[in-house]
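Structural features, examined
Residues per chain are reported as follows:
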Amino acid sequence: MSSLLEKIDHYRRLFADQVSRVKEARQVEELRQAFLGRKKGHLTLLFEEFKTLGPDEKKSAGRLLNELKTDIQNLLAELEQKLQSPARVKQLEDLTLPGRQLYWGSPHPITLFQREIERIFISMGFSVEEGPEIETDYYNFEALNFPPHHPARDSWDTLYINDKLLLRTHTSPVQIRVMEKKKPPIRIIIPGKVFRRETPDPTHLPMFYQVEGLVVDRGITFAHLKGTLEYFIKTLFGEKIKLRFRPSFFPFTEPSAEVDIECIVCGGQDAACRVCGGSGWKEILGAGMVDPQVFKNVNIDPEVYSGWAFGLGIDRTAMFAFQIPEIRHFYENDLRFLRQFNRR
Amino acid sequence: MKISYSWLKEFVNLNLPPEELAGCLNQIGLMVESVTPVGEDTVFEIETYANRPDTLGHLGVAREIATLLELSLKTRNWPLKELPQATSGLVDINILDPQLCPRYCGLVVKGVRVGPSPDWLKKKLEAVGLRPINNVVDVSNFVCFSLGQPIHTFDLKKLRGGKIKIRKARKGETIRTLEGQPVELDQEMLVIADETTPVAIAGVIGGEESGITESTTDVFIESANFNPVSIRLTAKKLGISTDASYRFERGADPNAAPAAAVMAASLLCEFGGRVSRGLLDLYPVPRKPRTVTLRLRRVNELLGLEIEPEFVVKTLSSLGLKLREQSPRVWTAEIPTFRVDLEREADLVEEVARFYGYDRIPSAVTPVKSFELPADRRRDRVWRLKEVLFHHGFDEVINFSFADPEKELLWQTGCRPIKLKNPISAKLSSLRTSLLPGLVENAVWNFNREAEGVHIFEVGNIYYWEGEETHRENLNLGILTTGLRSGRTWREAEKETDFYVLKGALEDVCNYLGYDQLSFEPVEHPFFEPGQALKILVKKEPVGLLGLLNSNLARNYDLERPAYCAEIDLNELLRKQPRAFRFQPVPRFPGVSRDLSFLVEDSLTYQQIQEQLQKLNIPYLENFLIYDRFQGKNLPPGKVSFSVRFNFRHSARTLQTEEVDRAMQEITSQLKSTLKIQLR
C-alpha cells in the first residue's frame, strides 16, 4: 500500500521534471505516451496495480491517482496549445492601429427631434396625422375662428398663392380636417412644415416645423391639458425641469395658455442671457381648450364634447434643447452641422 | 405696449415692488417682456393680444391688477372752465355713414396757448416711448394712453364752415397727412371732412392742413368710435399704422368716447383754454350691452376643479361685469362694452381661470377610452426608407420649399410652378417643382467648405399646377452622391462614388420595403447627361429617374465633380402594395455553385442577359449573380466578357454532380442560341 502512494508521488515529481524540459510539440506527445500510453504508460500501470488493492486502501489511493491523471492531462494540453499556436494563427503586428469604422448617414435634426416628440405621444396612445401644406383661407383661418380682417391674423403673417390659396401658417388646419372626418374620441398629434412671411434672421425663417396635438372627448378638462403637457415636457427635457402655464390668446382656444420652461442655458442666473433675456423662462408652446366656435364649425356639439390642443415649434424647441444659436443652420445643410446629430 | 408704474398709480393704489407687479401681470396673461427703470418710474413692456383693446390704456391694465389684488379703481373728476357758447353753436357735426362711425363726440376749447408741455406730462409720455410735440398733441396722446380711446384735435379755424362731416371719401379726393405724406383716398375709406374737403382719415391719421400749429388758439376735440374692419382695411391699404388705427381696428369702446373728450378738454384748460358748453354726442344707435349665461358647473367641467361661486362673482364683478343670478349657480352676465373679447361662456371661464391662477389648476392624466390602429403605414415606410439610406451612408437634408424661378427654369422639370403672390424676395418667389436643385446647392455649399464627398437625400413635397386650377403637392425622394465615398485609411485607398452606389441604395430601398424588384429603362431627360440616365419602374409603372447630372446644369451651379442623382415619386411608390412577408424554411441540404464566363456582343446589356436567365426554367437553380464584366485587353474587339455564378440547391436532398452538370449544359446551350454567347 505505502508503495503505491510513494509511486504516485514519485511519478508526479518525475512528470514535473520532464515537462519543464519540453521545447517542441513532438516532445509533448512522447511525454503523453510515457505516462498515459495504453499499454506501458506509467499511470496505466499504476491503475493496474490499484485494482489489486483492498477496499480501504482503494479509498485513499484512488483520489490521488485520479488527481495526478487529470493534472498531467491538463498540463499536456496546455503545453501543446502553447507550442502549436504560432504555426496555426497569424500574429497581428500592431493592435493599436484604428479599427475599421463604418459611416452611417445622419438623420436631419428636425426629423430626429420630431420623432422624439412623436414617440412620447405615441406612448400615450396618440396617433399621427398629416395634412396639406397648401391650404385654403377657410381651413387656415376661418374655421379656426379668425374672423376676416381681424388683427389676430397679424401674428400669422401669411404667404399667399392667390385669393383662395395660401401656404399654411400653422399645423392647426389639420385639426379641422380630422374633426370633419372623424367623430370623437380624437387623440392625435400633427407634425409638419409651416410657412410665414418672415424675413430670415437668426431666430426667424419663412419655413419651419410645428407639431400640434388635439384631444376631443367627453369630460376633457384644462387639468388634463396640464397633466399631459407636463409629462411631455418632462420626458423631453428631464424630470427636474420647471414649467409654468400662463394665460394667453389664440382665436381657436378658450381658455388659452402659453407654457414656459425654465431656461436650461442660464437657469435664470444670467441677466444678459441670450436665450431667455434674463427672465429665466423660455416660451415653448401655446395651448388651450378647443374654442366652442371651432367645434361648431365641424359639427361637434360643445355642450357634449370638450377638448384641448397645443402647438409647438419644433425648430425653436430643438434650438433650445441643443443650444443651437441660429435657426438658419437647419436649412443650410452644412454636413459639419448635420453629422453631429448622428450621435444623438 | 409700454406701461408706466407711476401712471398706473393714477388709477389704483399700488405699493408692490416692480418685480412683484411683473409677476402679477404674468399670472393674468399680461406677459411682461421687460422691466426697465426710467428715473423714479418703472416701465413694463407687456405683450398685449389682438382681442384685448381694453389693455391698450393704463386704465385697462389697472383694472386687471385691481381685480387680482382685490383693490378698487380710483375715480377722478375732470373739471372744465366753460365758455358761454354752446358747442353746437361753434361746430356742426354730421354722421353720414353711421355703419362706419357709430359714435362721434366733440368739444371746442378756445384760447389755448400752444407750447411745450409741462414736465409731468413730458415725463409720462417719454416713459412709454412717445415723443412730446406740443401741449395739445401731448394731451391727446395722454388721454389715448390713459383710457385706450384715441382722440384727435383739429385747429377749429381751419375747418371750413365750422362743419364736420363723417363720410366716405369721394373719387379723386386726396389729403396730405400730418406726416406730410400725400395720400390718394378711395371711396371705401371713411374720412372726416369739413364743408368741402377731407381733413382727416377717420381713425387713422389727421390731415396736415387742419393740424395744430404754434398759431392755433381754438381747438376742436374729436372723440369718436369707428368700425374696426373699415379702419383696418384703410390702414392696410395705405400702409399707415398709428396708435389710433391700432386701437380702432381691435375695437374701441363707444362708451369711452364722451369721458375721453371731457378729460382732454379739462387738461387743455390748464393752458388757458375755455370749453364750449355741452358735449356734442352723436350716437344714433346706442350699442346694447351683450349678455352671456355662465354656469358654475361649466366652469368646473372645463377647468377640472371645484371653484367657489363667491370667487366667480367677485372676480367678474371687479372686471366690470354685472352678474344676476338666474338660478342657483347660474348667472346672466352683462358684459361692459370695453370687453370686446367676452362673447361666450367659454370666454368667461377663461376670466375665472386667469384670476384663479393657471398654476393652481390641478394636473391630471388625459383618460384613454379607446385604442386606434394607425390609419396607414406610410409614415413607417418613409422612416424605413430613410434608415436604409442612412445605412448606405447618406445624410438627410431639409431644404426650403421655395425656389428661385429663374434657376428652376434651367432644370425644365416639366411642371408648371406655383408662384407666390406676396413673396419675401424674388429668390423665394415660387415653390419648388423638383428636389434636385436644392440637393445640388447643398453639394456646392459643402464642397466650398472642405467636404470631399457629399451623399445626401431629402424627403419632401414638390408643388405644381395640374391643369389651370388644380394645385398639387407631391411627396418626393431626392438623392445625390458626388465626390469621395470614403477617405483614405491605413487599410484602404480612398474611393470615389459612382452611379452604382446610387443605384444600389435605391435597389435596397425597394428590397427592404418589400416592394417588387425595380426595373430600369434607358431614358433621355434634361436633368441628366445624354445616354446616362434610367427611368425607374416598379411593376412596369414609372416611379422616378436616376443618372449622371447634366454637365451644363452642374456648370451653372459651379459643381465641378460628377454628381449622380435620382428623384422618386414617393406617392406613387408608397401606393404599391409590398409583398407579404413569408418565412422561408432554412435550407437543410448543401448547395452547389458553378461559374460561367462568356463573351457577347458589347451592345448587349446586363439587363438583357438577366431577362434571358430569368426566363430559363432550370430546376433547383436557386439564384445567379454577375461577378465580373470586362472589355478590351485580350478580348476581340466589339466583345464583352461576363462571369456569372449559378447557385443550385434541392430542398429535400443533396444534389448529384450529374444533375448540376446537366443544368449547366442546358443554361449554356440556351444562352448560345438566344444571346450568341461564346464560352471562354
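Here the focus is the overall build of chain A. Broken down by element type, chain A carries 12 helices and 9 strands. Radius of gyration (C-alpha) of chain A: 39 Å, far over the 20 Å computed for a compact globule of 344 residues. Each of the three principal axes of chain A carries a C-alpha extent, and together these read 115 × 50 × 40 Å.

What follows is about the overall build of chain B. Per the secondary structure count, chain B includes 20 helices and 33 strands. Compactness check: chain B gives a C-alpha radius of gyration of 40 Å against a globular reference of 26 Å for 680 residues, more than 25% above the reference. Its C-alpha atoms give chain B principal-axis dimensions of roughly 130 × 60 × 50 Å. Across the 680 residues in chain B, those meeting the buried criterion constitute 40%. Excluding contacts between residues fewer than 6 apart, the proportion of contacts in chain B whose partners are at least 24 apart in sequence is 67%.

Moving on: the interface of chain A and chain B. Taken together, the contacts link 64 residues of chain A with 74 residues of chain B. If you list the elements that add at least two residues to the side of chain A that touches chain B, you get helix H5 (109-123), strand E1 (127-128), strand E5 (207-217), helix H8 (222-237), strand E6 (243-250), strand E7 (253-262), helix H11 (329-332) and helix H12 (335-338) of chain A. The element that contributes the greatest number of residues to the side of chain A that touches chain B is H8 of chain A, accounting for 7 residues. Its residues assigned to classes, the side of chain A that touches chain B shows 32 nonpolar, 17 polar and 15 charged.

Residues and elements named next belong to chain B. On the basis of which strands lie adjacent, the open sheet formed by 3 strands has the order E1-E3-E2 and antiparallel pairing. With one partner strand each, in any of the chains shown, strand E1 (2-4) and strand E2 (32-38) form the two edges of the open sheet. Averaged over neighbouring strand pairs, the angle between their axes works out to 25° when direction is ignored. Two elements, E2 and strand E3 (residues 41-46), share 6 bridges in a ladder whose sense is antiparallel. When the sheet's bridge partners are listed, valine 32 is paired in E3 with isoleucine 46. Sheet strands touched by helix H2 (residues 18-27): E2 and E3. Its angle to E2, the strand with the most contacts, is close to 155°.

The step from proline 184 of chain A to proline 185 of chain A runs through a cis peptide bond, and the omega angle for that step is 0°. The backbone of lysine 539 of chain B sits at a positive phi, close to 50°, despite the residue not being glycine. Among the structural elements, lysine 539 of chain B can be located in the loop between strand E27 (528-538) and strand E28 (541-549). Residues other than glycine seldom take positive phi values, yet aspartate 558 of chain B does so here, at roughly 60°. A residue is classified by how many C-beta atoms lie within 10 Å of it, and aspartate 558 of chain B, with 10 of them, is exposed.

Residues and elements named next belong to chain A. Read from one edge of the open sheet, 7 strands run E1-E4-E5-E9-E8-E7-E6, paired in mixed fashion. Here the strands that pair on one side only, and so sit at the sheet edges, are E1 and E6. As judged from the 8 bridges shared by E5 and strand E9 (residues 306-313), these two strands associate in the antiparallel manner. Note on E9: the bridge partner recorded for leucine 214 is alanine 309.

Moving on, we come to the environment of tryptophan 331 of chain B. All names here are of chain B. Along the polypeptide, tryptophan 331 turns up in strand E19 (residues 330-334). Remark: the alpha-carbon pair of tryptophan 331 and tyrosine 627, spanning 296 residues in sequence, is separated by 86 Å. Not counting the four nearest positions on each side in its chain, tryptophan 331 is found in contact with Leu294, Leu323, Arg324, Glu325 and Gln326.

Residue and element names in this part refer to chain B. It is at 10 Å that the axes of helix H10 (residues 296-303) and helix H12 (residues 345-356) come closest, and there the two elements cross at 70°. Between H10 and H12, the crossing angle belongs to the class labelled roughly perpendicular. The two elements H10 and H12 cross, and the hand of that crossing is right-handed. Where H10 abuts H12, its residues Arg298, Val299, Leu302 and Leu303 lie against Glu345, Val349, Val352 and Ala353.

A separate point is the domain arrangement of chain A. According to the domain assignment, chain A contains domain 1 (2-88) and domain 2 (109-343). Taking the mean C-alpha position of each, domain 1 of chain A and domain 2 of chain A sit 81 Å from one another.

What follows deals with the pairing of E28 of chain B. All names here are of chain B. Burial analysis of E28 places 7 of its 9 residues in the buried class, which makes it a mostly covered element. In terms of strand pairing, E27 meets E28 through 7 bridges, oriented antiparallel. Note on E28: the bridge partner recorded for lysine 535 is leucine 545. Counting the residues that bridge the hairpin from E27 to E28 gives 2 residues, and of these lysine 539 lies at a positive phi of roughly 50°. Examined bridge by bridge, E28 and strand E29 (residues 563-569) share 5 bridges and lie antiparallel to one another. Looking at E29, one finds that glycine 544 is bridged to isoleucine 568.

The next thing to look at is helix H11 (residues 309-318) of chain B. Residue and element names in this part refer to chain B. When H11 is considered as a whole, its buried residues turn out to be Val312, Thr315 and Leu316. Seen from one end, H11 has its buried residues packed into an arc of 90°, which puts them on one side. Where H11 is buried, its residues meet helix H3 (58-69), H10, strand E18 (322-327), E19 and H12. Remark: glycine 320 follows H11 within two positions and exhibits a positive phi of approximately 100°.

Looking at H10 of chain B, one finds that the buried residues are Val299, Leu302 and Leu303 of chain B. Buried residues of H10 of chain B fall within an arc of 90° about the axis and therefore sit on the same side. Residues of H10 of chain B that are buried in the fold lie against H8, strand E8 (281-290) and E9 of chain A together with H11 and H12 of chain B.

Residues and elements named next belong to chain B. By the assigned domains, chain B splits into domain 1 (2-69), domain 2 (82-282), domain 3 (295-360), domain 4 (378-575) and domain 5 (592-679). Measuring from the centre of the C-alpha atoms in domain 1 to the corresponding centre in domain 2 gives 27 Å. Across the boundary between the two partners, domain 1 contributes 14 residues, which contact 12 residues of domain 2. Where the side of domain 1 that touches domain 2 is concerned, the elements lending two or more residues are E1, E3 and H3. By residue number, the principal contributor to the side of domain 1 that touches domain 2 is H3, which donates 3 residues.

Here threonine 221 of chain A is to be found in the loop between E5 and H8. Counting along the chain gives 73 residues from threonine 221 of chain A to proline 148 of chain A, while the straight-line C-alpha distance between them is 30 Å. Among residues more than four places away in sequence, those in contact with threonine 221 of chain A are Glu301, Leu302, Leu303 and Gly304 of chain B.

Here chain B averages 94 in pLDDT, while 99% of its residues score no lower than 70. This prediction of the complex comes with two scores: 0.85 for pTM and 0.89 for ipTM.

On to the pairing of strand E4 (residues 186-195) of chain A. Along any regular strand, the residues point their side chains to alternate faces of the sheet. All names here are of chain A. Along E4, 9 of the 10 residues are buried, which leaves the element largely enclosed by surrounding structure. Two strands pair when backbone bridges link them, and E1 and E4 are joined in this way by 2 bridges, in the parallel orientation. Of the residues in E4, the one forming a bridge with valine 128 is isoleucine 189. By the bridge criterion, 10 bridges tie E4 to E5 in an arrangement that is antiparallel. The partner of valine 194 across the bridge, within E5, is phenylalanine 208.

A few words on the packing of H11 of chain B against H12 of chain B. Residues and elements named next belong to chain B. Interaxial distance between H11 and H12 falls to 10 Å at its minimum, and their mutual angle equals 100°. Taken as axis vectors, H11 and H12 run roughly perpendicular relative to one another. In contact with Phe311, Val312, Thr315 and Leu316 of H11, H12 contributes Leu348, Glu351, Val352, Phe355 and Tyr356. Tallied by class, residues from the contact of H11 with H12 come to 7 nonpolar, 1 polar and 1 charged.

Rules and cut-offs
Residues numbered from 1 in each chain as written. Chains lettered and ligands numbered in written order. Predicted model: local features only at pLDDT ≥ 70, side-chain atom pairs only at ≥ 80, totals over all residues. Helix = DSSP H or I, 4+ residues; strand = E, 2+ residues; numbered from the N terminus. Rg over C-alpha atoms; globule rule 2.2 N^0.38 Å. Buried ≥ 20, exposed ≤ 12 C-beta atoms within 10 Å, placed from the backbone. Contact = placed C-beta atoms within 7 Å. Nonpolar A, V, L, I, M, F, W, Y, C, P; charged D, E, K, R; others polar. Pairing = 2+ DSSP bridges. Axes fitted to C-alpha atoms, helices over the stretch in contact; angles between N-to-C directions. Parallel < 35°, antiparallel > 145°, perpendicular 65-115°, else oblique. Left-handed = near helix turned anticlockwise from the far one by under 90°. Domains from an automatic or database assignment. Arc of directions from axis to C-beta. pLDDT = per-residue confidence, 0-100.

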